[in-house]
Amino acid sequence: GQQVMQIPQYQHVQEGEDFTTYCNSSTTLSNIQWYKQRPGGHPVFLIQLVKSGEVKKQKRLTFQFGEAKKNSSLHITATQTTDVGTYFCARYGNKLVFGAGTILRVKS
Amino acid sequence: GAGVSQSPSNKVTEKGKDVELRCDPISGHTALYWYRQRLGQGLEFLIYFQGNSAPDKSGLPSDRFSAERTGESVSTLTIQRTQQEDSAVYLCASSLTGGNTIYFGEGSWLTVV
């Protein structure tokens, strides 16, 4: 169906370590979007990927879209405490469907 | 306004009562979404409006839930005969058209006691 699967559900890292969350689909995606939700806040758009194999960077964040357009990843280099939150991927078919999210906690 | 506005921000209601949640999207945004997020959970799609029409109502959990949109602007989500399992944050979002970046409101926190 239209589900996107995200792994891991939860990750607790030491400040300065890297972090990666993965988003997988059984069907080809027309695009993938990534959102961040801080604790107690609402989701905020980070980026949209459209092209096969696309890689985009935002400072310490690197977003990739797989060659087959069935998976995507978000990698954070050298995590900081400000990176804490839940990271969601979302696919747009006729509506925007979100993955379950990956909760990131950072120990300082 | 500058962003998506939702009201009330917090609502505590007794089981069995009806509640109405309001969303004011960003001006000019034709697409409007309602999501539900239970504590510590992901975003559950409820309904999507394109203009005043709802091409996809598949996420509404039961017939106690309904939504409407008027003037291609304000939307209301109504929950009748609330149950404790309805306790959640109800998030509204809008986008310029379907498929574009969506912008979320702060949410309406509903607690059914």
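Residues numbered from 1 in each chain as written. Chains lettered and ligands numbered in written order. Predicted model: local features only at pLDDT ≥ 70, side-chain atom pairs only at ≥ 80, totals over all residues. Heavy atoms only, no water.

Enquirer: Help me out: how do you make sense of the state of the cysteines in this one?
Expert: Scanning all chains against the criterion turns up two disulfides over all chains. Here Cys23(A) engages in a disulfide with Cys89(A); their sulfurs sit 2.0 Å apart. Between Cys23(A) and Cys89(A), the disulfide has an S-S torsion of 70 degrees and is therefore right-handed. Of the two residues, Cys23(A) sits in strand 3 (residues 19–24) while Cys89(A) sits in strand 9 (residues 85–92), which places them 66 residues apart along the sequence. Classification of Cys23(A) by relative accessible area gives buried; the value is 1%. Note on Cys89(A): relative accessible area 0%, which makes it buried. Two residues share a disulfide in this structure: Cys23(B) and Cys92(B), whose sulfurs sit 1.9 Å from each other. Its S-S torsion of approximately -65 degrees makes the covalent link between Cys23(B) and Cys92(B) left-handed. One end of the pair, Cys23(B), is in strand 3 (residues 19–24); the other, Cys92(B), is in strand 9 (residues 88–95), with 69 residues separating them in the sequence. Looking at Cys23(B), the relative accessible area reads 0%, which means it is buried. (Disulfide = S-S within 2.5 Å. Helix = DSSP H or I, 4+ residues; strand = E, 2+ residues; numbered from the N terminus. Buried < 20%, exposed > 50% of the residue type's maximum accessible area, 1.4 Å probe, protein only.)

Enquirer: I tried to follow the pairing of strand 5 (residues 44–50) of chain B on my own but got confused; where do I start?
Expert: The two faces of the sheet receive side chains in turn, since in a regular strand these alternate between them. Residue and element names in this part refer to chain B. The buried fraction of strand 5 amounts to five of the seven residues, a majority that puts the element mostly inside the structure. The pairing of strand 4 (residues 31–37) with strand 5 spans six bridges and is classified as antiparallel. Within strand 5, the residue paired with Arg-36 across the bridge is Glu-44. What sits between the antiparallel neighbours strand 4 and strand 5 is a turn of six residues, in which Gly-40 has the positive phi angle 75 degrees. Two elements, strand 5 and strand 6 (residues 53–56), share two bridges in a ladder whose sense is antiparallel. Bridge pairing in strand 6 links Tyr-48 to Asp-56. The turn joining strand 5 and strand 6, which pair antiparallel and follow one another in sequence, is formed by two residues; a positive phi near 65 degrees is taken by Gly-51. (Pairing = 2+ DSSP bridges.)

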